[in-house]
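A structural walkthrough
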Amino acid sequence: MSAAQAHPWKLVGPWYRWERAALPSSGRQSAPALQKFAGGEFIADFLAQPQRSLKFDPQVDVVSHIGLLPAGVGAGQLKDKLSALFLSQLKTENGKTREVPIKPTDVTAAILKNIYRSRLVPSTLRKLYLPLHDRHYLVVCELHCDVPGFPSVARNEVCQAGFVVRRRQRVVPADKANQAAALAQAVRVIEAELAELQELAPLRDDLAMKRKAAIAALKQLGQFEAVLAKLEQQRAEAEATMQAFFQQAGIGVRIEGWYPRCQDGKPSKTLGRWLLAEEAAAEGTLVGEEHVFPLFPLVPDPREAGHDAAGRTIYYGVVPADALQYEPDGRKRFDDVATYQIQCFVRRHKPGLAKHVGEAKYCCCERVWSAPTEPYRLAASFDSLGCANRPITIKMPDLRELAAQVAARPRGKLSPVRIIQPQQLTPKVSDTSVSGGSLEGAAICFFSIPLITIVALFVLHIFLPIVVLIFQLWFLLLLRFCIPPRIQFGGALDAKLAAQPPSMDFDADFSVAMSNLPAGDVDFDLNGQVLDAAALNARLKTHLIKRMAEDGQLPEAKIALDALSNNALVPLNQSYEDAKNQPQDPEQAPAGSDFAAGLEYEPRREPEWVLQGGRG
């Protein structure tokens, strides 16, 4: 068949990610899919079972923004989380509003209403974690002839397959920036309220709690779906208002490609720039085309008739999370600030032309593009959710064993770390404090790795309470957990708090505080004593001050919790309660969390329409 007679091609997403699996009418408008994996053997796993990739979590695998809500005593906010402990005050200076961290000890009644707590607001923008987080991603596409029946294209008709990563930049006129930001913020606020209510929805039916009054109140949520529907409508209206303003103000998206810089007449492998195609053509310092990443054909085992790629032409490529490429000013090609999208392409081989395998620069054939993938942003290297996917175990040396080893070996045999110091900084220690120091000449010192580790951990223990006290960052204590814990738990109060539904407003005498929903008063009984919000606040502060002092080795007099409301204190107390079942004997401690337990895979799908063979 001549090139003029060739059928048009369509590069789409894989059939098992179509809205209706393998149905041609559903696949024609699909875009290449991003698939998530864990583990170093993800390529082999994909080749064996292309469908079996990890699900994208609607809370974890999206970019979250920081929202601010009132956090003073009596604020009565819904489902306060641990992040509520980081307090801020909004101050206006020179016409600009900025967020200023404050200490609880600085809070007065006059500024109480201006204190805010931070919370995460999930967005709809996809978030991709890095390989160091043990998360890997593939972009997958499928090639068809755009004719009735949507048959697959034979792989030998393709002379090149690849994809490009492009950067999305929002273009906002300077005089419209403030209004655009305000409209976007309005959408985020509604999304935050909707996300919190949706998180609570599963709790309505399976609350395993013995608080009869609380359960009875939650069972009265017959209007819950109506509230969700109303919020969805409000969000849609806010988004429509924002989009209408964007269109009127000429706010759009600039799609840029990466073009290598010219070095010695060749495209540089390290330097380049994000530019529009027409800008790249005018740049004398750039050479060649947009940088391309390879796509590889998914060739199924011919012995497996039921393989997901059997009879189909599927391509895949590894999504680059990091690249040793930079702009001339030193900025990395990929960062955690910009938004990206991927677009795949194939080249149709012209009959009569020789193929140059691996030499794409000789290919002058027609290029067929896919639709772009969903936009995404990369996680930061020290993203806490990402780092939690990859457990690290550091075993400290046994001091008794270390002493015995030192006695048995000549000095220097256990010190393999060589440190060369052109100038030696020597501190002078008097008793337990540093009284001065001296700058001396060059020196070479040898250290043992266990010695460095012991001192480093000791320094961490010293400075952790100092940092917490100076900046009043109490929540940092919860990023550290030891077995056995130093804390003795107040069983009765902890048990009651553990059973309390997260939808409770602990500052309003335990009434269920949901807008537009029926409320039921719930008493909080402790050993026959009825507590109101003020009494609970006093109990919580007493317990938490003792716990913080013991767990962080802090003086109780230095811990100030006066400005924190019950809605902030209850989650903090609950975090300590969560640890009460840990064994007191370190030898009986569990080996670690089952990090594979949280992996949830996409369900396997079967074709709704059977491919009838044939090629385009």
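Throughout what follows, the structure given in this document is the object of discussion. Bear in mind the structure is a predicted one, so any value in this text is a computation, not a measurement.

With that settled, the discussion passes to the overall build of the protein. Secondary structure assignment for the protein yields 12 helices and 24 strands. Within the span of the protein, comprising 616 residues, buried residues form 39% of the whole. Within the protein, counting contacts between residues at least 6 apart in sequence, those at least 24 apart form 76% of the total. Roughly 34,200 Å² of accessible area belongs to the protein as shown, and the carbon and sulfur atoms make up 55% of that amount.

Attention now goes to the packing of aromatic side chains. When we look at a pair of aromatic rings, we describe it by the centre distance and by the angle of the planes. What the rule picks out here adds up to 15 aromatic pairs. Between Phe 245 and Phe 246, the ring centres sit 6.4 Å apart and the planes meet at 55°, which makes this aromatic pair tilted. You'll find Phe 245 and Phe 246 in the same group, each marked buried. In this arrangement the basic side chain of Arg 126 is found over the ring face of Phe 56, its NZ or CZ atom lying 4.1 Å from the centre. In this structure, Arg 367 packs its charged tip against the face of Phe 345, placed 4.2 Å from the ring centre.

Inspection of the sheet shows strand S9 (residues 252-263) paired to strand S10 (residues 266-275) by six bridges, in the antiparallel sense. Note on S10: the bridge partner recorded for Trp 258 is Trp 274. With antiparallel pairing between neighbouring strands as the criterion, S9 and S10 make up a hairpin whose turn holds two residues, including Asp 264 at a positive phi of roughly 55°.

Turning our attention to the pairing of strand S7 (residues 136-145). Across the 10 residues of S7, 10 count as buried, placing the element largely inside the fold. Neither face of S7 is exposed, since His 136, Leu 138, Val 140, Glu 142 and His 144 on one face and Tyr 137, Val 139, Cys 141, Leu 143 and Cys 145 on the opposite face are all buried. Note that strand S1 (residues 9-12) and S7 share four bridges and pair antiparallel. Bridge pairing in S7 links Val 12 to Glu 142. Sheet topology note: the S7/strand S13 (residues 314-318) ladder contains five bridges and is antiparallel. In the strand pairing of S13, Glu 142 is matched with Ile 314.

Attention now goes to the nonpolar core. By size, the foremost hydrophobic cluster in this structure holds 36 residues, and its most contacted members are Ile 342, Val 346 and Tyr 376. Ranked by residues supplied to this core, first place goes to S7 with five residues. Those residues in contact with Tyr 376 that sit more than four places away from it in its chain are Leu 34, Leu 125, Arg 126, Leu 128, Val 165, Val 319, Ala 338, Thr 339, Tyr 340, Gln 341 and Ile 342. Counting residues in hydrophobic clusters, the runner-up holds 16 residues, among them Ala 22, Phe 37, Leu 138 and Val 140.

Looking now at the side chain of Ser 26. For Ser 26, the location among the structural elements is in helix H1 (residues 24-27). We classify Ser 26 as buried; its relative accessible area is 17%. Among the polar contacts made by the side chain of Ser 26, one reaches the main-chain amide nitrogen of Arg 20 at a distance of 3.0 Å. With residues up to four places along the chain from it excluded, the contact list for Ser 26 reads Trp 18, Glu 19 and Arg 20.

In this model, the second largest pocket occupies a volume close to 990 Å³. Considering every element that reaches the lining of the second largest pocket, the biggest residue donor is helix H3 (residues 177-200), with seven residues. A class-by-class count of the residues in the lining of the second largest pocket yields 13 nonpolar, six polar and eight charged.

When you line up the elements, Ser 53 lands in the loop between helix H2 (42-48) and strand S3 (62-70). Overall, Ser 53 belongs to the buried group, its relative accessible area being 1%. Among all residues touching Ser 53, those that are not within four sequence positions of it are Arg 17, Gln 35, Lys 36, Phe 37, Tyr 601 and Glu 602.

Cut-off values and rules
Residues numbered from 1 in each chain as written. Predicted model: local features only at pLDDT ≥ 70, side-chain atom pairs only at ≥ 80, totals over all residues. Heavy atoms only, no water. Helix = DSSP H or I, 4+ residues; strand = E, 2+ residues; numbered from the N terminus. Buried < 20%, exposed > 50% of the residue type's maximum accessible area, 1.4 Å probe, protein only. Contact = heavy atoms within 4.5 Å. Areas by Shrake-Rupley, 256 points an atom, 1.4 Å probe, with all protein chains shown as cover. Phe/Tyr/Trp six-rings, centres within 6.5 Å; stacked < 30°, edge-to-face > 60°. Lys NZ or Arg CZ within 6 Å of the ring centre and 35° of its normal. Pairing = 2+ DSSP bridges. Core = buried A, V, L, I, M, F, W, Y, C linked by side-chain atoms within 4.5 Å. Polar contact = N/O pair within 3.5 Å; in protein donor to acceptor, adjacent residues only side chain to side chain. 1 Å grid on protein atoms, 1.4 Å probe; cavity = no way out; pocket = protein on both sides within 12 Å on 5 of 7 lines; lining within 4 Å. Points joined across faces, edges and corners; volume = space filled by probe spheres on them. Nonpolar A, V, L, I, M, F, W, Y, C, P; charged D, E, K, R; others polar.

Function cannot be inferred from these measures alone, as they are strictly geometric.
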